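# Examination of the molecular architecture
The chain contents come next:
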2 protein chains.
Amino acid sequence: MTRVTIRDVARYANVSVTTASRALNDTGRMARETRERIIQAAAKLGYRPNSMARGLVSQRSFTIGLLTNDTYGRFTLPVAAGLSAAMVDRGVSVFLCAGEGDPQRTLLNLEAMQEKCVDGLVVSGKRIDRGLPVELPRTGIPTIYINAACPEGEVGFVPDDSGGAEAATLHLAGLGRRRIAHVTGPRNFAATGIRADGWLKALDRMGLAPWGEALFGEWSEAHGYRMADHLFGQTSRGMPDAVFCGNDQIARGMIDRLTEIGVRVPKDVAVVGYDNWEIFAKATRPPLTTVDMGLLELGRQAGLTMLGMIDGKPTPAGIRRTPCTVVVRESCGARSEAD
Amino acid sequence: MTRVTIRDVARYANVSVTTASRALNDTGRMARETRERIIQAAAKLGYRPNSMARGLVSQRSFTIGLLTNDTYGRFTLPVAAGLSAAMVDRGVSVFLCAGEGDPQRTLLNLEAMQEKCVDGLVVSGKRIDRGLPVELPRTGIPTIYINAACPEGEVGFVPDDSGGAEAATLHLAGLGRRRIAHVTGPRNFAATGIRADGWLKALDRMGLAPWGEALFGEWSEAHGYRMADHLFGQTSRGMPDAVFCGNDQIARGMIDRLTEIGVRVPKDVAVVGYDNWEIFAKATRPPLTTVDMGLLELGRQAGLTMLGMIDGKPTPAGIRRTPCTVVVRESCGARSEAD
DNA sequence: TGGATCTGCGCAAACGTTTCCTCAAGATGG
DNA sequence: CCATCTTGAGGAAACGTTTGCGCAGATCCA
């Protein structure tokens, strides 16, 4: 069973291959009747253009490569979904290249992408201060960096973590909380610093003093769990009435420990997380108010931008920050007021 | 900056395009010296064969499509990683097609895959009793179903859930537990039934009676949480000394609640989960002993099988079950004995 | 020494498209 | 009535490979 080619369509419709091609691409001049006859013939025969042949002459493959070193997929997956959705409508497919952080493997993928003549490259990571484990050769292929280190002069997309942290803190302040602590991830992640700045900025705006320093540590439940003891263990110097956590896992550990030691959430302490990782956020008791980074939409925006770059539209270099939003559940106390 | 083609290589090495092609593909007859000269010329010029041109004549694209409706990526991601790893060594790249369970989108992706002339198709889902939301047309493209409903006469891969459940239960029994309950997901998932059967089979093998019926419900922490009360609330009829949970989320909810109501894990009750979703399994207190489905290896196996099918190797239809292994942490009590 | 075989390499066709150029026939204009 | 333009359509080249076939020269064997 061999594929049906444009030649078959042309023969069936009694026209030349040239005319068939023009009819199917809606270009060139021809009698309306002819065009329709050809289109119907194509439909009847179940014709699908061979995109390799098309790519060969048009020098476009209608594919892009997604290079990721985010093994776990927490960030890449929603980004990929948004990207893919924006692309598929225009007939562009996405190659998934999981580099696993291994230079060897990444290089292999990179070469494969070159051979496949991808129209664009998206580099996606899990932290904005680390890029690919290999230097990207200057290939002239349009490239976008998502949630990864973006070299000078390139275009990048990241969630607006400063704005997200600010919104979360303002949300807490707006609910009447005055003593807002911040527990977050490792100091050497760029994102932690940015989020901490957003926290400070919001406090400053509201005329509030930060409750101690930002408590850096791991991105883990265990860290939140320990910091609960740290913050609420010694009653001598008073306690915060809210904790803004750098991610949902920390928030989860925090809430679990608070519950164990008899601190009520959200009555005594409001807790807000970061990431809106639903599998966590919805399972905490009570469900977690948290910041959604809008990764799906970020991926979509990146996709649209990439399509523009491929079409040769001039695209200014620089980092685009896409908005983050507070997702209100119960751990901040906003809902229980309504009760 | 235009791409360097085989013509450039040929000119540089003072041979015909034909000879250059043969040298680079290590086919045909020619003087060793000539071959080496051509290969060096290619390296020097940084030649990468254009896989579209190659595909056009060889009728192979060196790509496969991964169609998934697993929005969350819990299953697809490790499978994709294994698949991709097995493929990339052979120069085959993977198209990621996230269908999101939407027939429209899935169809769009499917058409794109046909136009791109993929050499193979992998359909990957999150439950073995549901397939794609659209009928797959008979295209003659080699197809493998992973963790999804596999039509009669096709080849499929699934984790051996029966064996996994059996191993988990035997592990508990081997640690001296005699009253082993089972809390699991929705009754209408095929996987729940299979895992429950494995549980019963192992009990039977050990001459133990099941502790009540399998407790079906949701795949959620909340379900595990509630079933803890159900199992350990009424002391009148005694309590199990072990619970085998259908996934890690259920196990997490179970352990959380047990801790709250003063039942000690693993001293009073051993708990084993399923999935080895590390982000959960490592964060429970104590860390969760659970069943790993070996999805990475499953993906790799599927990839190798796919390569065989593409090469025309006869491949018997049917379901392949790949082994699951018990990952021992602390919630089963195996470790605490050592202490 | 002369046919047969082997060696090393090139010509040209093919893969399925798109697109530049050409061309006939009819319409238009002065 | 002739020159010009418009319309509708086809021929052929091109994209970058692979590959069947052919061919000249060298080697072999009797």
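Structural notes, computed from the coordinates.

Basis of the calculations
Residues numbered from 1 in each chain as written. Chains lettered and ligands numbered in written order. Predicted model: local features only at pLDDT ≥ 70, side-chain atom pairs only at ≥ 80, totals over all residues. Buried ≥ 20, exposed ≤ 12 C-beta atoms within 10 Å, placed from the backbone. Helix = DSSP H or I, 4+ residues; strand = E, 2+ residues; numbered from the N terminus. Pairing = 2+ DSSP bridges. Right-handed = clockwise from strand over helix to strand, strands pointing away. Contact = placed C-beta atoms within 7 Å. Nonpolar A, V, L, I, M, F, W, Y, C, P; charged D, E, K, R; others polar. Least-squares fit on C-alpha atoms with pLDDT ≥ 70 in both. Near = placed C-beta within 6 Å. Axes fitted to C-alpha atoms, helices over the stretch in contact; angles between N-to-C directions.

Residues and elements named next belong to chain B. A two-sided burial pattern is seen for strand β7 (residues 242-245), the buried positions comprising Ala242 and Phe244 on one face and Val243 and Cys245 on the other. Relative to β7, strand β6 (residues 180-183) is paired through four bridges, and the arrangement is parallel. Looking across to β7, one finds that Ile180 is bridged to Ala242. Where β7 and strand β8 (residues 270-272) come together, three bridges link them in parallel fashion. Pairing of Ala242 across the sheet is with Ala270, part of β8. Assessed by its sense of winding, the connection that carries the chain from β7 through helix α10 (residues 248-260) to β8 is right-handed.

The subject of this paragraph is the interface of chain A and chain B. Facing 34 residues of chain A, the contacting portion of chain B comprises 34 residues. Listing elements by their share of the side of chain A that touches chain B, those giving two or more residues are α4 (51-58), α5 (76-88), β2 (93-98) and α6 (103-115) of chain A. The residue inventory of the side of chain A that touches chain B, partitioned by class, reads 17 nonpolar, eleven polar and six charged. Two strands pair when backbone bridges link them, and β2 of chain A and strand β2 (residues 93-98) of chain B are joined in this way by two bridges, in the antiparallel orientation. Residue pairing for β2 of chain B: Val94 of chain A is matched across the bridge by Leu96 of chain B.

Overlaying chain A with chain B gives an RMSD of 0.1 Å, the required rotation being 180 degrees about an axis along which the chain moves by 0.0 Å. The operation mapping one copy onto its partner corresponds to a two-fold rotation axis. A shared binding surface is used by both copies, with 100% of the interface residues of chain A retained as interface residues in chain B.

This paragraph deals with the protein's contact with DNA strand C. Taken together, 28 residues are adjacent to DNA strand C, and Ile6, Ser21 and Ala53 of chain A together with Thr19 and Met30 of chain B come closest. At the level of elements, α1 (6-13), α2 (17-25) and α4 of chain A together with α2 (17-25) and α4 (51-58) of chain B are the ones that each hand at least two residues to the surface near DNA strand C. Of the residues contributing to the surface near DNA strand C, the split by class is twelve nonpolar, eleven polar and five charged.

The next subject is the sheet that holds β7 of chain B. Residues and elements named next belong to chain B. Ordered in space as β6-β7-β8, the three strands form an open sheet in which the pairing is parallel. Each end of this open sheet is capped by a strand with a single partner; those strands are β6 and β8. Taking the axes of each pair of neighbouring strands and ignoring which way they run, one obtains an average angle of 20 degrees across the sheet. Its contacts with the sheet put α10 on β6, β7 and β8, and the angle it makes with β7 is roughly 150 degrees.

So, to be careful, I would describe these as geometric facts and stop short of saying anything about function.
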